[in-house]
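# Structural features, examined
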Amino acid sequence: INPQCFANFSVTNIDCSYLWGVISLALLIIFLVITFFATLPYQIWKLTHQFLGLSFFFGALHVLFIPSDVTSVLVLKYYMFFLIAIAFVGIFYRTVLGFIFVPKLEYIIDEIKNVNATIVEIVMHPRSPNAHVQYKPGQFIFIGFPDSSGLEEVHPFSLSSAPGGDRITIGVKALGDYTKRL
C-alpha cells in the first residue's frame, strides 16, 4: 500500500484504489459490528450511522478509480458517476440540509394512556389547525418532547393511529434509556 495515496491523488495509482476499497470495507464492517453487537446509547448509535457516508465515500473512490470496466467504458463511468452523485446528494440532504428543509410540526399532547406496565400510548393534535402530518399506514416519524427535560432529542416512533385524522398516536415501549424516561 502506497502511503502517498492521499498526498499524491492520481487516477493511475492502482495502490490507492485498492487502499480506498479496503478502507471502505473496514469502515463498513466496523460500523455494522457496532450496530449489531454493541449495546450503545441511541445518540452514539445514531452517530455511527451518520459515519456510514464515509464508508460510501471511500467505496465510491474505489469503484471509480480501480482498473475495471467502469474506468475503461465511458458509458459505465458516467452511469456510476450519476449513481454516486445521487447517493451523495441524498446523504448531504439527510445529514446537512435536512435540518433546514425537513418540516418540523408542533403537536400538543392530548392524552397519555398506560396500555400495560411497559407500554404507553401518546395521543397528540397539531398546535396549528392547518399544520398536521400526512402519512400512510406503517410509517414512522421522528418526535422530540422539547418541554420535557431529558426528552428533547428526536427519536423515531411508529404511528399507530389511522391516517386522515387530525390527531396522531404513537405507542412507546420502555426498551431504552429514552423510552423508559418517556
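Please refer to the structure higher up on the page.
A brief report on the enclosed structure follows.

Conventions we followed
Residues numbered from 1 in each chain as written. Predicted model: local features only at pLDDT ≥ 70, side-chain atom pairs only at ≥ 80, totals over all residues. Heavy atoms only, no water. Helix = DSSP H or I, 4+ residues; strand = E, 2+ residues; numbered from the N terminus. Expected span 1.5 Å × (residues − 1). Bend = angle between axes of the 7 residues up to and from the residue. Buried < 20%, exposed > 50% of the residue type's maximum accessible area, 1.4 Å probe, protein only. Contact = heavy atoms within 4.5 Å. 1 Å grid on protein atoms, 1.4 Å probe; cavity = no way out; pocket = protein on both sides within 12 Å on 5 of 7 lines; lining within 4 Å. Points joined across faces, edges and corners; volume = space filled by probe spheres on them. Nonpolar A, V, L, I, M, F, W, Y, C, P; charged D, E, K, R; others polar. Pairing = 2+ DSSP bridges. Axes fitted to C-alpha atoms, helices over the stretch in contact; angles between N-to-C directions. Core = buried A, V, L, I, M, F, W, Y, C linked by side-chain atoms within 4.5 Å. Salt bridge = Lys/Arg side-chain N within 4 Å of Asp/Glu carboxyl O. Phe/Tyr/Trp six-rings, centres within 6.5 Å; stacked < 30°, edge-to-face > 60°.

## Some thoughts on helix H5 (residues 74–101)
- The end-to-end C-alpha separation of H5 is 35 Å, well short of the 40 Å expected for 28 residues at 1.5 Å each.
- At threonine 95, H5 shows its strongest bend, of approximately 50°.
- Among the residues of H5, Met80, Ile84 and Gly98 are the ones counted as buried.
- Elements in contact with the buried residues of H5: helix H3 (52–65) and helix H4 (69–72).

## Some remarks on the layout of surface pockets
- When its volume is computed, the largest pocket comes out at roughly 1,500 Å³.
- What lines the largest pocket is a set of 43 residues, and nearest its centre among them are Lys104, Phe142, Ile143, Gly144 and Val154.
- Looking at the lining of the largest pocket, the elements that each hand over two or more residues are helix H2 (42–50), H3, H5, strand E1 (107–114), strand E2 (119–126) and strand E3 (140–143).
- Counted by class, the lining of the largest pocket contains 27 nonpolar, nine polar and seven charged residues.

## Some remarks on the sheet that holds strand E5 (residues 168–173)
- Spatial strand order, E1-E2-E5: three strands in an open sheet with antiparallel pairing. The strands lining the two open edges of the sheet, one partner per strand, are E1 and E5. For this sheet, the mean inter-axis angle between neighbouring strands, taken without regard to orientation, is 25°.
- Relative to E2, E1 runs antiparallel, the two being bridged by seven bridges. Within E2, the position partnered with isoleucine 112 by the bridge is isoleucine 122.

## Quick word on the nonpolar core
- If you look at the biggest cluster of nonpolar residues, it comprises 15 residues, and the most contacted ones within it are Ile122, Met124, Ile143, Phe145, Ile168 and Ile170.
- Membership of the second largest hydrophobic core comes to 12 residues, among which are Ala60, Leu64, Phe65 and Ile84.

## Considering the environment of arginine 167
- One can find arginine 167 in the loop between strand E4 (155–158) and E5.
- Under the relative-accessibility criterion, arginine 167 is labelled partly exposed at 42%.
- Sequence-distant contacts of arginine 167, that is, excluding residues within four places in its chain, are made with Asp110, Glu111, Val123, Met124, His125, Tyr135 and Ser161.

## A short note on the side chain of serine 17
- Tracing the chain through its elements places serine 17 in helix H1 (residues 14–37).
- Leaving out residues up to four positions away in the same chain, serine 17 has contacts with His62, Phe65 and Ile66.

## A few points about the pattern of salt bridges
- All told, the structure shown has three salt bridges when counted by the stated rule.
- Aspartate 110 is the partner of arginine 167 in a salt bridge, and the nearest nitrogen-oxygen pair spans 3.6 Å. Here arginine 167 is found in the loop between E4 and E5, whereas its partner aspartate 110 is found in strand E1, with 57 residues between them in sequence.

## Some points on the packing of aromatic side chains
- The full count for this structure, using the stated rule, is six aromatic pairs.
- Each ring, one from phenylalanine 56 and one from phenylalanine 88, has its centre 5.0 Å from the other, and the planes form 65°; the classification is edge-to-face. Taken together, the residues phenylalanine 56 in helix H3 and phenylalanine 88 in helix H5 connect sequence positions 32 residues apart.
- For phenylalanine 56, a relative accessible area of 30% translates into the label partly exposed.
- With relative accessibility at 30%, the residue phenylalanine 88 sits in the partly exposed group.
- Summarising the aromatic geometry, the rings of phenylalanine 57 and phenylalanine 88 are spaced 6.3 Å apart at their centres and angled 65° between planes, so their arrangement reads as edge-to-face.

So far we have only geometry, and geometry alone does not tell us how the molecule works.
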